[in-house]
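Now for the letters of each chain:
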Amino acid sequence: MKLYCLSGHPTLPCNVLKFKSTTIMLDCGLDTTAALYFLPLPLVHSPRLSKLPGWVSKDGAINLEKELKECSGRVFVDSQPEFCLPEKELLDLSTIDVILISNYHCMMALPYITEHTGFTGTVYATEPTLQIGRLLMEELVTFMERVPKAQAATCWKNKEIQRLLPGPLKDAVDVWSWRKCYSVQEVNSALSKVQLVGYSQKVELFGAVQVTPLSSGYSLGSSNWIIQSHYEKVSYVSGSSLLTTHPQPMEQSSLKNSDVLILTGLTQIPTANPDGMLGEFCSNLSMTIRAGGNVLVPCYSSGVIYDLLECLYQFMDSANLGSTPFYFISPVANSSLEFSQIFAEWLCQNKQSKVYLPEPPFPHAELIQTNKLKHYPSIHGDFSSEFRQPCVVFTGHPSLRFGDVVHFMELWGKSSLNTIIFTEPDFSYLDALAPYQPLAMKCVYCPIDTRLNFHQVSKLLKDIQPLHVVCPEPYTQPPPAQPHRSDLMLELQPPPMSYRRCSVLGLPFRRRYERIHLLPELARSLVPSEIKAGVSVATVSAVLQSKDNKHVLQPVPKPAPVPPSKKRKRVMEEPPEVLNPKPLLSGAVPLEPFLATLHKNGITEVKVEETADGHILHLQTEDVLIQLEEDATHIICDNNEPLRTALRDLVLRFLQKL
């Protein structure tokens with residue numbers, strides 16, 4: 001059993017598991033942090049960005065002023081943002097049989113895998129994962145396609161040139177594997193390969209293994225996966241949460257008795273408590289609104305935004321800010337808000353029960369009815385005529401490199417009355433803000449990540465007790481910024497096996513058993529013989545048929561009678577002769593009784609020598625050696641066949657025949 005790691009990002013995993021005769025890809029996350037090296041894509045012409053000076057090396061030897069621009073001491077690529085793909089060269093991706101998706105954030109690289117590698121398999125995901133994943137992909141494509149860039153920058157990627165660039169561009173990894181965004185056609189083609197599954201539904205893969213999704217408690221439809229054969233069990237735990245938010249709670253008991261547990265997608269900010277961050281979010285928002293400023297929240301169009309709106313729904317009235325408008329701007333805003341209300345069976349119990357009242361499970365339905373929350377596909381059109389300040393705007397993308405958020409950064413960045421509140425933990429907020437410096441607006445970092453922290457995961461692993469744990473390398477050491485915090489790492493016995501991008505791990509258990517079915521007529525013909533109290537054994541002569549990884553023992557076919565024929569048949573066509581099997585021997589040859597038997601039969605001069613595996617008997621008069629070992633007996637006798645046969649018969653007296 002082998003695990004290939006194609007992504008080095010612990011929360012955007014992409015691994016391939018080879019198990020029995022199947023090749024299974026576990027998630028295909030897209031590392032969008034590469035976009036931080038690029039300049040933002042403004043929706044309307046930005047004089048500030050267009051006037052940025054081009055970059056030329058100090059000695060003037062390298063002139064990349066058309067590709068690289070300088071802003072407040074940092075250098076950015078002036079081109080369409082690109083993303084870091086999972087590694088494609090480590091193994092042949094066309095051999096992948098299935099892809100298992102944990103949640104909608106971990107499927108964003110799917111079109112790159114299914115459309116450009118010769119992949120012909122099936123993708124398994126739950127319905128909310130598919131539908132919300134589709135929205136996020138379509139949103140990404142829209143953001144890119146509505147602001148096309150004339151030129152593509154490639155010269156800076158040259159290894160010799162990149163070495164001489166200023167940081168952080170100099171340290172960017174795998175830049176040649178970075179790719180532009182996919183198209184809508186590729187998204188549709190990739191998602192047509194998805195087969196929907198429900199929680200606890202067992203899916204057979206070629207008869208070899210069974211895969212089952214379990215609720216992971218992190219987002220709508222998010223799953224952990226059990227991959228098992230008759231005798232082995234692998235659990236894949238990715239992006240799970242024990243907090244009570246809107247999704248169904250995490251299913252833990254089914255993860256017990258795993259031979260190997262592959263663990264990834266833990267919280268990115270282990271020191272921040274999500275409840276505390278929500279409180280900070282609300283207080284910063286109310287302070288800004290009271291002072292007459294606007295609040296900008298760069299966010300994804302699904303997930304934490306549902307909890308933020310619910311939290312604000314309760315908070316705004318109590319803070320006497322009920323008249324402040326909320327705007328949610330995204331090409332998929334309407335679909336996202338509607339999907340959250342219709343996937344009732346994927347929600348936690350208290351939200352499910354509202355559906356039967358009937359009431360909408362989320363309060364944003366009421367916010368929309370009372371006109372407190374308005375949603376728009378973009379800043380053009382209705383929004384520009386209905387927009388009033390001070391307000392709260394939720395929009396994407398959290399990287400601040402594309403989407404409507406770029407326009408608000410340009411619009412509100414110059415005033416210290418306004419505040420930007422970062423809630424998504426995927427991007428360093430300082431790097432996200434770098435191309436907008438100098439910036440007057442206030443910045444607040446309230447990252448909300450509900451995924452498991454190290455304390456929770458240690459308790460979980462104690463409860464479910466897997467034999468071996470495999471995890472990304474960063475989880476096995478404290479964070480670089482806090483090297484003394486040994487509580488922010490996995491400390492297990494035995495220590496977890498760790499991987500990084502491009503590692504190949506041999507997983508530490510061997511397959512020992514295989515299930516084989518006996519046909520009833522063959523079972524009837526077996527005659528068990530008791531070899532010791534309570535243990536009976538029967539020999540089997542049968543034909544083993546293996547098909548679709550299922551093994552069946554069938555009776556040996558009897559040769560068909562050959563019709564008389566004058567023509568000579570070719571030897572190949574004659575049925576094979578079926579020989580009766582020789583009896584099997586069991587038991588051990590005890591030394592003292594065997595010596596007594598030899599003595600009775602006239603063999604008296606026997607020299608016994610002890611060896612590591614048993615004894616050697618030297619019959620001196622006859623010049624014969626008998627080796628008695630635990631699992632074999634050898635009689636070494638030159639040119640005296642009658643004596644060898646007689647000695648063999650004496651040995652057989654002490655053994656049982658089956």
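All values derive from a computational prediction rather than experimental measurement. (Residues numbered from 1 in each chain as written. Predicted model: local features only at pLDDT ≥ 70, side-chain atom pairs only at ≥ 80, totals over all residues. Heavy atoms only, no water.)

Student: Teacher, can you tell me more about the side chain of Gln456 here?
Tutor: When you line up the elements, Gln456 lands in helix 14 (residues 454-464). Dropping the residues within four chain positions of it, Gln456 is found in contact with Leu242, Leu243 and Arg451. (Helix = DSSP H or I, 4+ residues; strand = E, 2+ residues; numbered from the N terminus. Contact = heavy atoms within 4.5 Å.)

Student: Any chance you could explain empty space enclosed by the protein here in plain terms?
Tutor: Unfilled space is identified by rolling a water-sized probe across the atoms. In the structure shown here, the tally under the stated rule is 4 cavities of 30 Å³ or more. Taken as a whole, the largest cavity encloses approximately 230 Å³ of empty space. Together, 21 residues line the largest cavity, and His105, Tyr218, Val304, Glu424 and Arg451 are the ones closest to its centre. Here the lining of the largest cavity is built from residues that sort into 7 nonpolar, 9 polar and 5 charged. (1 Å grid on protein atoms, 1.4 Å probe; cavity = no way out; pocket = protein on both sides within 12 Å on 5 of 7 lines; lining within 4 Å. Points joined across faces, edges and corners; volume = space filled by probe spheres on them. Nonpolar A, V, L, I, M, F, W, Y, C, P; charged D, E, K, R; others polar.)

Student: Looking at this structure, how should I read the pattern of salt bridges?
Tutor: Side chains that differ in sign of charge can pair as their charged atoms come close. For the structure on display, the rule yields 21 salt bridges. Lys20 is the salt-bridge partner of Glu514, the closest N and O atoms lying 3.0 Å from each other. Taken together, the residues span a long stretch of sequence, with Glu514 in the loop between strand 24 (504-506) and strand 25 (516-518) and Lys20 in the loop between strand 2 (15-19) and strand 3 (22-26) at a distance of 494 residues. A relative accessible area of 30% means that Glu514 is categorised as partly exposed. The partner of Asp174 in a salt bridge is Arg501, and the shortest N-O contact between them spans 3.1 Å. Of this pair, Asp174 sits in the loop between helix 4 (159-162) and strand 9 (178-179) while Arg501 sits in the loop between strand 23 (497-499) and strand 24, placing them 327 residues apart in sequence. Residue class for Asp174 comes out partly exposed when judged on its relative accessible area of 36%. Looking at Arg501, the relative accessible area reads 19%, which means it is buried. Sharing partners across several salt bridges, the network here consists of Glu82, Lys157 and Lys180. (Salt bridge = Lys/Arg side-chain N within 4 Å of Asp/Glu carboxyl O. Buried < 20%, exposed > 50% of the residue type's maximum accessible area, 1.4 Å probe, protein only.)

Student: For this particular structure, what's the right way to read a negative patch on the surface?
Tutor: A surface patch of negative charge is lined by Asp613, Glu629, Glu630 and Asp631. Along the chain, the position of Glu629 falls in strand 33 (residues 624-629). You can call Glu629 partly exposed: its relative accessible area is 30%. (Patch = residues over 30% accessible without salt bridge, like charges linked within 9 Å, V, L, I, M, F, W, Y side chains within 5 Å. Areas by Shrake-Rupley, 256 points an atom, 1.4 Å probe, with all protein chains shown as cover. Lys, Arg positive; Asp, Glu negative; His and termini not counted. Charge placed at Lys NZ, Arg CZ, Asp CG, Glu CD.)

Student: Honestly, the sheet that holds strand 2 in this entry has me stumped. Any pointers?
Tutor: Pairing between sheet strands relies on hydrogen bonds along the backbone, with the strands arranged either parallel or antiparallel. Spatially, 7 strands are ordered 10-8-7-3-2-1-24 in an open sheet, and the strand pairing comes out mixed. For this open sheet the edge positions go to strand 10 (194-196) and strand 24, each flanked by a neighbour on one side alone. Strand-to-strand twist in this sheet, taken as the mean axis angle between neighbours without regard to direction, amounts to 25°. (Pairing = 2+ DSSP bridges. Axes fitted to C-alpha atoms, helices over the stretch in contact; angles between N-to-C directions.)

Student: Sorry, what's going on with the domain arrangement of the protein chain here?
Tutor: Interface extent is often summarised as the accessible area lost during association of the parts. Partitioning the protein chain into structural domains gives domain 1 (2-270 + 451-506), domain 2 (274-445) and domain 3 (585-657). The C-alpha-based centres of domain 1 and domain 2 are spaced at 25 Å. Applying the counting criterion to the domain 1 and domain 2 interface returns 3 salt bridges. For Arg74, the salt bridge is made with Asp431, and the minimal N-O distance between the two is 3.2 Å. Remark: the boundary between domain 1 and domain 2 carries 15 residue pairs in polar contact (both at pLDDT 80 or more). The class makeup of the residues in the side of domain 1 that touches domain 2 is 28 nonpolar, 14 polar and 6 charged. (Domains from an automatic or database assignment. Polar contact = N/O pair within 3.5 Å; in protein donor to acceptor, adjacent residues only side chain to side chain.)

Student: Looking at this model, I keep getting lost on the packing of helix 3 (residues 127-145) against helix 5 (residues 184-191). Mind explaining?
Tutor: Two measures define how a pair of helices packs: the angle their axes make with one another and the distance between the axes. For the pair helix 3 and helix 5, interaxial distance at closest approach is 10 Å and the crossing angle is 165°. Considering their axes alone, helix 3 and helix 5 lie roughly antiparallel with respect to each other. Of the two possible hands of crossing, helix 3 and helix 5 adopt the one that is right-handed. Seen from helix 3, the contacting residues are Leu130, Arg134, Met137, Val141 and Glu145; seen from helix 5, they are Val184, Val187, Asn188 and Leu191. Here the residues of the contact of helix 3 with helix 5 sort into 6 nonpolar, 1 polar and 2 charged. (Parallel < 35°, antiparallel > 145°, perpendicular 65-115°, else oblique. Left-handed = near helix turned anticlockwise from the far one by under 90°.)

Student: Is there a simple way to think about the pairing of strand 28 (residues 542-547) in this case?
Tutor: Within a regular beta strand, the side chains point alternately toward one face of the sheet and then the other, so they alternate between its two faces. Here 6 bridges tie strand 28 to strand 29 (residues 550-555), and the two strands are oriented antiparallel to one another. Its bridge partner being in strand 29, Gln545 is matched across the sheet by Val552. Here strand 28 folds back onto strand 29 in antiparallel fashion, the turn holding 2 residues, of which Asp548 has a positive phi close to 55°.

Student: So what exactly am I meant to see when it comes to the packing of aromatic side chains here?
Tutor: A ring pair, where both rings are aromatic, is described by two values, the distance of the centres and the angle of the planes. Tallied over the entire structure, the rule returns 23 aromatic pairs. With centroids separated by 6.3 Å and ring planes inclined at 75°, the aromatic side chains of Phe83 and Phe402 adopt a geometry described as edge-to-face. Note that Phe83 is positioned in strand 6 (residues 83-84) and Phe402 in the loop between strand 19 (392-395) and helix 12 (405-412), a separation of 319 residues in sequence. Side by side, Phe83 and Phe402 carry an identical accessibility label, which is buried. (Phe/Tyr/Trp six-rings, centres within 6.5 Å; stacked < 30°, edge-to-face > 60°.)

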